[in-house]
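Here are the chains, one letter per residue:
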Amino acid sequence: TVRHDFRGLLAGKTVTITAGPTREAVDPVRYISNHSSGKMGFALAQASLNAGAKVNLIAGPVQVMAPEGVNLTSVQSAQQMLDASLSVIGETDIFIAAAAVADYRPSDVADQKMKKQPGQDNLVLHLVQNPDIVATVARHVQRPFTVGFAAETQDVEAYAADKLVRKNLDMIIANDVSRTDIGFNSDQNAVTLLWQEKSTLQSHSPEQAAKQDLAQDLILCIAHRFHQ
Ligand code: CTP
Ligand code: CA
């Protein structure tokens, strides 16, 4: 159900959302990734559509169906997700980084399948850090209103507040991923939305809810702050 105060909230605005995991190739048949389902990002895409926005959804490999009416770009790697994000930055009013981007990628991608070496009990993979997509967007000359997530297993709000400042974000959604009953791969989520107002930290913690309902609440909050 769409709350009646919701329709038209983002009419004429474009929201770009990153979602899901990224895959970082090791060789032609292997990759490094994570357990992100993409559900929270896709729920935010649906809620943004419900609020009347045009929605660009830039998604890593996920099992969920994209909401009808979104402009879906499917990507694999963090670099591809960055390129897709920058290609729509000029038209983006609100950027929401819900993707679980792989922090590192193999420094060299083997062009043939890597073979097990006889007698080699240990293998060291050399990794390099990926570009930070949301921080790049938030420091761009065409900077949109920028919202990030913070996946944390401890000191959730403190680490999230640090990321808010360090990445130059307008708002951050703090997510406690130590809880296995909710979050990363679940249909439910509990989060805290943080932002700065007159240089004091503000927060809003919606009740734990289905990701769809939570997404509506978050988009309502984000839209209010965006319009301020
Ligand atoms: N993010 C991003 N690009 C990256 C890494 C993260 O855009 N290369 C975004 C995520 O989509 C999220 C926010 O940054 O919106 C925070 O991600 P998180 O993994 O919590 O933070 P990191 O900066 O990667 O720090 P760490 O994993 O070390 O806690
Ligand atoms: Ca990370």
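By the naming in an unreviewed UniProt entry, the protein chain is Coenzyme A biosynthesis bifunctional protein CoaBC, taken from Oceanospirillum linum.

Visitor: Would you mind going over helix H2 (residues 78-87) with me for this structure?
Guide: Each α-helix turn comprises 3.6 residues. Residues three or four places apart therefore point the same way. Buried within H2 are the following residues: Ala78, Met81, Leu82, Ala84 and Ser85. Relative to the axis of H2, the buried residues are bounded by an arc of 165° and lie together on one face. Against strand E1 (14-19), strand E2 (24-27), strand E4 (54-59), strand E5 (71-74), strand E6 (94-97) and helix H3 (133-138) lie the buried residues of H2.

Visitor: How do you make sense of the site of ligand 1 when you look at a structure like this?
Guide: Close contacts around ligand 1 come from 14 residues, with Ala97, Ala99, Phe149, Lys163 and Lys167 the closest. Alanine 97 is positioned with one of its backbone polar atoms (N or O) 2.7 Å from an oxygen atom of ligand 1. Lysine 167 has a polar side-chain atom sitting 2.6 Å from an oxygen atom of ligand 1. Considering ligand 1 on its own, with 570 Å² of exposed area, one finds that the protein chains cover 77% of that surface. Looking at the shell around ligand 1, the elements with two or more residues in it are H3 and strand E9 (145-152). In the shell around ligand 1, the residues fall into nine nonpolar, one polar and four charged.

Visitor: Could you clarify how one ought to interpret the confidence of the model for the protein chain in this entry?
Guide: When pLDDT is low, close inspection of the predicted coordinates is not appropriate. On average, the protein chain scores 94 in pLDDT, and the residues at 70 or more come to 97%. Interface confidence in the predicted complex, given as ipTM, is 0.99; pTM for the same model is 0.95.

Visitor: Please explain the UniProt feature "binding site: CTP" (unreviewed entry) in the protein chain as it appears in this structure.
Guide: Mapped onto this structure's residue numbering, the UniProt feature "binding site: CTP" (unreviewed entry) falls at Asp103, Lys113, Pro131, Asp132, Ile133, Val134, Phe149, Lys163 and Lys167. A maximum C-alpha distance of 37.7 Å is found for the annotated residues, which run over 65 residues; spatially they are spread out rather than grouped. With respect to the element layout, isoleucine 133 can be found in helix H3. The exposure class of isoleucine 133 is buried, given its relative accessible area of 5%. In this structure isoleucine 133 touches Ala78, Met81, Leu82, Ser85, Phe95 and Val101, once residues within four positions along its chain are discounted. With respect to the helices and strands, the residue valine 134 is situated in helix H3. Setting aside residues up to four positions removed in sequence, valine 134 forms contacts with Phe95, Ala97, Thr146, Val147, Gly148, Lys167 and Leu169.

Visitor: How should I be thinking about helix H5 (residues 211-227) in this particular structure?
Guide: With 17 residues, H5 ought to run about 24 Å at 1.5 Å a step, and its terminal C-alpha atoms sit 24 Å apart, in line with that. Along H5, the positions that sit buried rather than exposed are Lys211, Leu214, Ala215, Gln216, Leu218, Ile219, Leu220, Cys221, Ile222, Ala223, Arg225 and Phe226.

Visitor: Is there a simple way to think about the environment of serine 74 in this case?
Guide: Looking at the secondary structure, you find serine 74 in strand E5. With 84 residues separating them along the chain, serine 74 and alanine 158 place their C-alpha atoms 33 Å apart.

Visitor: Would you mind going over the environment of valine 64 with me for this structure?
Guide: By the element assignment, valine 64 lies in the loop between E4 and E5. Residue contacts for valine 64: discarding those within four places in its chain leaves Ser37, Gly38, Lys39 and Phe42.

Visitor: Could you clarify how one ought to interpret the nonpolar core in this entry?
Guide: In summary, soluble globular proteins display a tendency toward joint burial of nonpolar side chains. Counting 38 residues, the largest nonpolar core has Leu10, Ile17, Leu44, Ile96, Ile219 and Ile222 as its most contacted members. Elements represented by at least two residues in this core include exactly E1, helix H1 (39-50), E4, E6, E9, strand E10 (171-176), strand E12 (191-197) and H5. The element that contributes the greatest number of residues to this core is H5, accounting for nine residues. Among residues more than four places away in sequence, those in contact with isoleucine 17 are Gly41, Leu44, Ala45, Ser48, Val55, Asn56, Leu57, Ile58, Ile96 and Ala98. Grouped together as the second largest cluster of nonpolar side chains are 22 residues, Leu82, Val134, Ala150 and Val156 included.

Visitor: When you look at the packing of aromatic side chains in this model, what are you seeing that I'm missing?
Guide: Two measures describe an aromatic ring pair: the distance that separates the ring centres and the angle between the ring planes. Summed over the entire model, instances satisfying the criterion amount to one aromatic pair. Aromatic side chains phenylalanine 145 and phenylalanine 226 sit 5.8 Å apart centroid to centroid with 80° between the ring planes, which places their arrangement in the edge-to-face category. Note that phenylalanine 145 is positioned in strand E9 and phenylalanine 226 in helix H5, a separation of 81 residues in sequence.

Scoring rules and cut-offs
Residues numbered from 1 in each chain as written. Chains lettered and ligands numbered in written order. Predicted model: local features only at pLDDT ≥ 70, side-chain atom pairs only at ≥ 80, totals over all residues. Heavy atoms only, no water. Buried < 20%, exposed > 50% of the residue type's maximum accessible area, 1.4 Å probe, protein only. Helix = DSSP H or I, 4+ residues; strand = E, 2+ residues; numbered from the N terminus. Arc of directions from axis to C-beta. Contact = heavy atoms within 4.5 Å. Near = heavy atom within 4 Å. Polar contact = N/O pair within 3.5 Å; in protein donor to acceptor, adjacent residues only side chain to side chain. Areas by Shrake-Rupley, 256 points an atom, 1.4 Å probe, with all protein chains shown as cover. Nonpolar A, V, L, I, M, F, W, Y, C, P; charged D, E, K, R; others polar. pLDDT = per-residue confidence, 0-100. UniProt positions renumbered as here; feature names shortened; annotations may be inferred. Expected span 1.5 Å × (residues − 1). Core = buried A, V, L, I, M, F, W, Y, C linked by side-chain atoms within 4.5 Å. Phe/Tyr/Trp six-rings, centres within 6.5 Å; stacked < 30°, edge-to-face > 60°.

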